[in-house]
Amino acid sequence: MAEEAILGYLQNNEEIKDSGEFAAERNIDHNEIVNVIKSLHGFRYVDAEDIKRETWVLTEEGKTYTATGSPEFQLFNAIPPEGIPKDELQKKLDPSVFKIGCAQAAKNKWVEMGKQLVTRKVQNVEDKVKGLLLQIQQGQGIGSDDIKALKARKLIVPQTWKGYSVRKGPNYAPKRKQVVTDLTRENFQSGEWKELEFKEYNYSAKGAPLEGGHLHPLLKVRAQLKQIFLCMGFEEMPTNNFVESSFWNFDALFQPQQHPARDSHDTFFLDAPSTTKRLPEDYVERVKQIHETGGYESRGYAYDWKREEANKNLLRTHTTAVSSRMLYQLAQKPFAPKKYFSIDRVFRNEAVDRTHLAEFHQIEGLVCDRGLTLCDLIGVLHDFFSHLGMTKLKFKPAYNPYTEPSMEIFSYHEGFKKWVEVGNSGMFRPEMLRPMGLPDDVQVIAWGLSLERPTMILYGIDNIRDLFGPKVDLGLIKKNPICRLGIN
Ligand code: PHE
């Protein structure tokens, strides 16, 4: 109806001067008129120009008085011709009506506030305030002094009224043409297609979001790291066993059985199956010996090594458990140098906070060859980290039960403008390698780092729980960009 009214009117008239008046004259809701104008304007049937007007609307209080009459009027009517004691008058009226009424009626000289009695000063009064409020409600203008007075009494407040003036637009037609979006079989059969007008393509419309699998950022970073290791000639170690025996996770790595890391506070032990079935017995014997009495120029730890402790199953606490298995296997064949890497999950019984989870991923690399030195380790680390875009490295002496010397690796972060720890490294101890049976001149250099840390830095995530676990926002997984290490 609103659309017909507008297009119809413009057929014979130049302009709709004011959409507000236009709506009022036709008894159409102005909001409806505005919506139609916007739509017609969008298809350029009409040109529209904004009109703004300051108008006044009634406050809640103002609205009440249009029904009840103003407080002064109510007060006046409550006074009988012979007058009334003030406290009795007060009882007859609402407290706020009484209070405002007294003040306004006295100001209007309608009443006499005597000591004993409140009396009328005039016989009849007219409720001018109610009249003015009604006029405003009906959209009629009133004088500026009256406006001021009503505004001071907080019975009206200003409001900006928005409307349009409207003229014919470039696509004007007395009736809107139905534009169609699809050409159907029926259109062809009826011959209707000749007259049809089609909706234009919207080339800037967004496509429907594609549903499908998405790679988690950790997987993207892992894929890149794997590529780096492969380019450097490393082979991937099989890491498909989350459950490991204490033997491979700790004992083979010359980690004493009383070591605090072997406590259930730090390690998840398994209830079932609680122990491992098989270990290479002759090697176990050599490991026992190195712990208890030493050998190969080592004094050992001088304690009673217990097989039951080594048998205990656990969730591996580091991927170095896999490295120890692989090096042992390597030692069972005629020696050949190897470069190994792994990237997989490890578990630690830790309090969860914004940087720690009870499960995370480790990246580990090792080189096993004759005559390797600390310089080889430093060189390999420079090479490896330069592929990640980290060229400034510093090393700090550290301690691991299974490496000597050991070094923490720091990299200068250009964004943070400081040195950040990026990994741990070292040369595996003879106490670890010799019992395995690796030749005396064979050394192993190795390093490890977490996958989460670089991923969080790359993807700007500062709480690890936003990256991994039940609180992860799936939207983030869908939208995060591809990973290109070393390119900033
Ligand atoms: N296993 C060590 C860790 O869990 C990392 C590491 C690997 C250190 C290899 C030295 C050599 O932090």
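To start, this report covers the structure provided alongside it. (Residues numbered from 1 in each chain as written. Predicted model: local features only at pLDDT ≥ 70, side-chain atom pairs only at ≥ 80, totals over all residues. Heavy atoms only, no water.)

### Some words on the packing of aromatic side chains
Tallied over the full model, the rule gives 21 aromatic pairs. Three or more aromatic residues link up through ring pairs in this structure, and these residues are F229, F234, F341, F384, F385 and W447. Residue placement shows R26 over the ring face of F22; its charged tip is 3.7 Å from the ring centre. For K312, the ring lying beneath its charged end belongs to F269, and the centroid distance is 5.7 Å. (Phe/Tyr/Trp six-rings, centres within 6.5 Å; stacked < 30°, edge-to-face > 60°. Lys NZ or Arg CZ within 6 Å of the ring centre and 35° of its normal.)

### Quick look at the side chain of R316
With respect to the helices, strands and loops of the structure, R316 is situated in the loop between β11 (313–315) and α15 (320–331). For R316, a relative accessible area of 0% corresponds to the buried category. There is a polar contact of 2.9 Å between the side chain of R316 and the backbone oxygen of R345. Contacts of R316, omitting those with residues within four sequence positions, involve T239, N241, F242, E244, N249, V322, D344, R345, V346 and F347. (Helix = DSSP H or I, 4+ residues; strand = E, 2+ residues; numbered from the N terminus. Buried < 20%, exposed > 50% of the residue type's maximum accessible area, 1.4 Å probe, protein only. Polar contact = N/O pair within 3.5 Å; in protein donor to acceptor, adjacent residues only side chain to side chain. Contact = heavy atoms within 4.5 Å.)

### A short note on the environment of C231
Here C231 shows up in helix α11 (residues 217–231). By relative accessible area, C231 is classed as exposed at 61%. Taking C-alpha positions, C231 is 31 Å from G469, a pair spaced 238 residues apart along the chain.

### What about the sheet that holds strand β14 (residues 393–400)?
Taken together, seven strands build an open sheet; the order of strands is β9-β12-β13-β17-β16-β15-β14 and the sheet is mixed. Each edge of the open sheet is held by one strand with a lone partner, namely β9 (235–236) and β14. As judged from the seven bridges shared by β14 and strand β15 (residues 403–413), these two strands associate in the antiparallel manner. Across the sheet, L393 pairs through a bridge with S411, a residue of β15. Running at roughly 30° to strand β13 (residues 359–370), α15 makes contact with β12 (338–347), β13, β16 (418–428) and β17 (442–450) of the sheet. (Pairing = 2+ DSSP bridges. Axes fitted to C-alpha atoms, helices over the stretch in contact; angles between N-to-C directions.)

### Some words on helix α13 (residues 281–292)
An ideal rise of 1.5 Å per residue puts 16 Å on twelve residues; α13 measures up with 16 Å between its terminal C-alpha atoms. When α13 is considered as a whole, its buried residues turn out to be Y283, V284, V287, I290, H291 and E292. Looking at the packing, one finds that the buried side of α13 touches α12 (246–249), α14 (307–311), α15 and α17 (430–436). Positioned one or two residues after α13, G294 has a phi angle of 85°, which is positive. (Expected span 1.5 Å × (residues − 1).)

### Let's talk about the nonpolar core
Core analysis: the largest hydrophobic core is formed by 38 residues, its most contacted members being L225, I363, L381, F384, F385, L388 and W447. Looking at this core, the elements with two or more residues in it are α11, β12, β13, α16 (374–387), β15, β16, β17 and α18 (452–459). When neighbours within four sequence positions are excluded, I363 is seen to be in contact with L225, F229, S342, I343, F384, W447, G448, L449, S450 and L451. With 31 residues, the next largest nonpolar core counts L253, W305, A310 and V444 among its residues. (Core = buried A, V, L, I, M, F, W, Y, C linked by side-chain atoms within 4.5 Å.)

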